[in-house]
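Descriptive structure summary
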Amino acid sequence: MKILVAIKRVLDANVPVRIRADGLDVEISGARMSINPFDEVALEEAVRLKECGSASEVLAVALGAAVNQDILRHALALGADRAVQVEAPAGLQPLGVAKLLQAVVAREQPDLVLIGKQAVDDDAGQEGQMLAALLGWPQATFVSALQIENQALQAVREVDGGTETLALPLPAVVTADLRLNEPRFIKLPSLMLARKKPIEALSADALGVDLAPRLSVKALSEPPARGAGRLVADAAELVECLQIEGRRLEIKELS
Amino acid sequence: MSILILAEHDGQALKPATRRVVGAASSWTLPADVLVVGSQAVAREAAQLAGIRQVLHLECDAVPVAEELAPLLVELMHEHSVLLAAHSSLARDVLPRAAALLDVAMIGDAVRITGPASYVRPMYAGRLLAKVDSRDAIQVVTVRAPLFTPVGDAPAVPIQTLPALTGSATTRRIAANQQVSERPQLASARVVVSGGRALGEQFDTLLAPLAETLGAALGATRAAVDAGFAANELQVGQTGIVVAPGIYLAVGLSGAAQHLAGMSDSDVIVAINQDPDAPIFKVADYGLVGNLFETVPAVTRAIRQLQERQA
Ligand SMILES: Cc1cc2nc3c(=O)[nH]c(=O)nc-3n(C[C@H](O)[C@H](O)[C@H](O)COP(=O)(O)OP(=O)(O)OC[C@H]3O[C@@H](n4cnc5c(N)ncnc54)[C@H](O)[C@@H]3O)c2cc1C
């Protein structure tokens, strides 16, 4: 079984977000970039499936500028066998990404596509579902536990108010929640080894995919700051304040 | 053209978010139809939502999986130009699939609708707001329901019954675990008591009594959930549920950006933390610096006393 994992390069989740001078995007020059944490979890899951004998090959795919090489090296160090870098213009949108991945899937014929449930930059959370739609494959989204047996998947999904378990045949698309696993720490020898593994380059042009943007960002802004709060001395004073707010908000337990 | 709203329910009744999505639909001046995939009782309840044109009803026991529901939405969109839903796990699963089948983009988690194809939506865990325009002829949109005004009831509109699905999906739902609780639903509660990693094994013993006195839902940080102190469906934040209650009581949690993403639209934020420099105090309206193992029981007691005095 072959697994394709799509990974995205994003501003590291722990660094401040600054708006670019033109106000239309985020300033990433000089900022620390990382593999999207959800995609790293997807990749870790794929590597574990290979390690336990359920999968035979793990392919990591990144779309965008050549700088994606760094996250592909990371993916190879984590345990991917091969990497594909699809060079594409900046500003890809979810539907365009899904179409590019569809073209890569047509070339590579994986049995399973694993991908993060969302990216921490645009927080769109659409990629896996859109790709599954275009491929006509079943999907399991927001997955926190995954099993493969006899060419079929069993996936536990995190849904509002609880969980549910789906059984689905392969090929399929699975999107990973952070709780699916904890990615391993990459050791230096794996990093060295990863330098020797191949990264194949493709171009979006050659894949002949319509990437026309559907959405345009008109402006970015920071959300209005909340007014300065007030520190209270003790529980009694806190409850007095709660009562005042409770009356204003018509909360019967506090009125 | 018109709007198609995907209703949400728990099998028996509409979820409060649906009333707010219908409220959001008034941003367009278009007729709105509500799609109920569920029981007759829910369809009848939906028929009384104020301001809608009709209910489209597909009768079934359990909501079909995305693989089956998305093609239905696509078919219904021949007659509609906007597909609208709450930013729930159901819609986040099925709407992107429907959008791709329709060959259109999807706008997720809109916090404002500023024109027929213009929206404001958060990015980067709510640290930025983006004003986004769509060029597509069909708009597929989820909204952050708590930020929109709910509609009330009105005389019932007609219910149009849809033909049953053919059952073409290859996916089967083999288990569903919905946590039943006496407490209000987290997504729509007026008061939320939320705990972080600091609660440890005492998450429930300390916070449940406080939540009970306040008629509140319980929430949690990812750290508290990952450590096994709280159930996963309680997680508030970028990757959990987004809430905007009247009062959000944040206990023993630091206020990481990913957590704030899920609660910073709350009306009043109250923080209890022993570290005066914890980021949660930057967004809190009221802060109590102290050891939660002492202050939480004290707050619970003080509220009970207050309630006894009033009774
Ligand atoms: C991609 C990504 C997505 C994420 N999504 C989410 C999400 O959806 N929701 C979420 O919550 N997090 C999310 N996180 C995690 C987030 O970054 C934080 O790690 C998490 O919110 C921290 O949880 P916490 O505040 O409970 O723990 P901590 O940050 O450890 O805070 C504990 C707090 O308790 C206080 N404290 C300790 N002891 C006491 C005491 N005795 N009395 C009073 N106060 C005390 C401390 O001062 C501290 O402020 C995400 C992270 C990533 C990378």
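Residues numbered from 1 in each chain as written. Chains lettered and ligands numbered in written order. Predicted model: local features only at pLDDT ≥ 70, side-chain atom pairs only at ≥ 80, totals over all residues. Heavy atoms only, no water.

Here the focus is the confidence of the model for chain B. Of all residues in chain B, 100% have pLDDT values of 70 or greater, and the mean over the chain is 97. Across the interfaces of the predicted complex, the ipTM metric reaches 0.97, alongside a pTM of 0.97. (pLDDT = per-residue confidence, 0-100.)

Residue and element names in this part refer to chain A. Here helix α1 (residues 37-51) crosses helix α2 (residues 69-78) at 30°, and the two axes come no closer than 10 Å. On the basis of the axis angle, α1 is roughly parallel to α2. Here the hand of the crossing between α1 and α2 comes out right-handed. Counting all contacts with α1, which are made through Glu 40, Leu 43, Glu 44 and Val 47, the residues of α2 involved are His 74, Ala 75 and Leu 78. Here the residues of the contact of α1 with α2 sort into four nonpolar, one polar and two charged. (Axes fitted to C-alpha atoms, helices over the stretch in contact; angles between N-to-C directions. Helix = DSSP H or I, 4+ residues; strand = E, 2+ residues; numbered from the N terminus. Parallel < 35°, antiparallel > 145°, perpendicular 65-115°, else oblique. Left-handed = near helix turned anticlockwise from the far one by under 90°. Contact = heavy atoms within 4.5 Å. Nonpolar A, V, L, I, M, F, W, Y, C, P; charged D, E, K, R; others polar.)

So, about the pairing of strand β7 (residues 139-149) of chain A. Residue and element names in this part refer to chain A. Within β7, eight of the eleven residues are buried, which leaves the element mostly enclosed by the surrounding structure. Direction of pairing for β7 relative to strand β10 (residues 172-176): parallel, over a ladder of three bridges. Looking at β10, one finds that Val 143 is bridged to Ala 176. Two elements, β7 and strand β8 (residues 152-159), share six bridges in a ladder whose sense is antiparallel. Bridge pairing in β8 places Ile 148 opposite Leu 153. Hairpin connection between β7 and β8: a loop of two residues separates the two successive antiparallel strands, and Asn 150 in this loop has a positive phi of roughly 45°. (Buried < 20%, exposed > 50% of the residue type's maximum accessible area, 1.4 Å probe, protein only. Pairing = 2+ DSSP bridges.)

The interface of chain A with chain B comprises 80 residues on the first partner and 85 residues on the second. Note on chain A versus chain B: buried area summed over both sides is about 7,100 Å², and carbon and sulfur give 54% of it. The interface formed by chain A and chain B includes ten salt bridges. A salt bridge links Glu 164 of chain A to Arg 173 of chain B, with the shortest nitrogen-to-oxygen separation between them at 2.8 Å. (Buried area = accessible area lost by both parts, 1.4 Å probe. Salt bridge = Lys/Arg side-chain N within 4 Å of Asp/Glu carboxyl O.)

Here the focus is the packing of aromatic side chains. Residue and element names in this part refer to chain B. Evaluation of the coordinates by the stated rule reveals one aromatic pair over all chains. Considering the side-chain rings of Trp 28 and Tyr 119, the 6.4 Å spacing of their centres and the 55° angle between planes classify their relative orientation as tilted. Linking Trp 28 in the loop between α1 (16-25) and β2 (32-38) with Tyr 119 in strand β7 (residues 118-123), this pair joins segments that are 91 residues apart in sequence. (Phe/Tyr/Trp six-rings, centres within 6.5 Å; stacked < 30°, edge-to-face > 60°.)

Turning next to the site of the ligand. Every one of the 29 residues lining the ligand counts as a neighbour, but Arg 197, Thr 221, Ser 254, Gln 258 and Asn 273 of chain B are closest to it. At the site occupied by the ligand, nearby residues are drawn from chains A and B. In this structure, an oxygen atom belonging to the ligand sits 2.6 Å away from a side-chain N or O atom of Thr 221 of chain B. At 3.0 Å from an oxygen atom of the ligand is found a side-chain nitrogen or oxygen belonging to Gln 235 of chain B. Within the complex, the protein chains bury 81% of what would otherwise be the 1,000 Å² of accessible surface of the ligand. Looking at the shell around the ligand, the elements that each hand over two or more residues are α1 of chain A together with α6 (222-226), α7 (257-260) and α9 (292-310) of chain B. Split into classes, the residues belonging to the shell around the ligand amount to eleven nonpolar, 15 polar and three charged. (Near = heavy atom within 4 Å. Polar contact = N/O pair within 3.5 Å; in protein donor to acceptor, adjacent residues only side chain to side chain. Areas by Shrake-Rupley, 256 points an atom, 1.4 Å probe, with all protein chains shown as cover.)

Next up on the list: the side chain of Asp 33 of chain B. All names here are of chain B. By the element assignment, Asp 33 lies in strand β2. Judged by relative accessible area, which is 1%, Asp 33 ranks as buried. Engagement of the side chain of Asp 33 in a polar contact is seen with the side chain of Arg 53, the distance being 2.9 Å. One polar contact links Asp 33 to His 80, side chain to side chain, over a distance of 3.0 Å. If we ignore the near neighbours within four places in the chain, the residues touching Asp 33 are Ile 3, Leu 4, Ile 5, Arg 53, Gln 54, Leu 56 and His 80.

It is worth spelling out the domain arrangement of chain B at this point. Residues and elements named next belong to chain B. When its domains are assigned, chain B resolves into domain 1 (3-161) and domain 2 (186-310). The gap between the C-alpha centroids of domain 1 and domain 2 is 30 Å. If you look at the interface, domain 1 gives seven residues, while domain 2 gives nine residues. Of the roughly 680 Å² buried where domain 1 meets domain 2, counting both sides, 61% is carbon and sulfur surface. Taken as a group, Ala 125, Arg 144 and Pro 146 account for 63% of the area that domain 1 buries against domain 2, more than any other trio of residues on that side. Measuring nitrogen to oxygen at the nearest pair gives 3.3 Å for the salt bridge that ties Arg 144 to Asp 265. Seen at the junction of domain 1 and domain 2, the total is one residue pair in polar contact (both at pLDDT 80 or more). Broken down by class, the residue content of the side of domain 1 that touches domain 2 amounts to four nonpolar, one polar and two charged. (Domains from an automatic or database assignment.)

A word on the nonpolar core. Residues and elements named next belong to chain B. Counting residues in hydrophobic clusters, the biggest one holds 45 residues, and the most contacted among them are Ile 5, Val 34, Leu 84 and Val 143. For this core, the element with the most residues is α1, which contributes four residues. Excluding anything up to four places from it in sequence, Ile 5 contacts Val 21, Val 22, Ala 25, Ala 32, Asp 33, Val 34, Leu 35 and Leu 84. (Core = buried A, V, L, I, M, F, W, Y, C linked by side-chain atoms within 4.5 Å.)

Let's shift gears to unusual backbone geometry. For the bond running from Leu 170 of chain A to Pro 171 of chain A, omega is 0°, close enough to zero to count as cis. Residue placement: Pro 171 of chain A occurs in the loop between β9 (162-169) and β10. The phi angle at Phe 142 of chain A is positive, at roughly 55°, despite the residue not being glycine. With respect to the element layout, Phe 142 of chain A can be found in strand β7. Phe 142 of chain A gets classed as buried once you look at its relative accessible area, which sits at 3%. The residue Asp 103 of chain B is not glycine, and still its phi comes out positive at about 60°. Tracing the chain through its elements places Asp 103 of chain B in the loop between α4 (89-102) and β5 (106-110).

Bringing the sheet that holds strand β6 (residues 112-115) of chain B into the picture now. Sheet architecture is open: four strands sit in the order β12(A)-β8(B)-β7(B)-β6(B), paired in antiparallel fashion. Looking at strand neighbours, the two that pair on one side only are β12 (215-221) of chain A together with β6 of chain B, the edges of this open sheet. Geometrically, the sheet is characterised by an average inter-axis angle of 30° between neighbouring strands, direction not taken into account. Here β12 of chain A runs beside strand β8 (residues 128-134) of chain B; their pairing, made up of six bridges, is antiparallel. Bridged to Val 217 of chain A within β8 of chain B is Val 132 of chain B.

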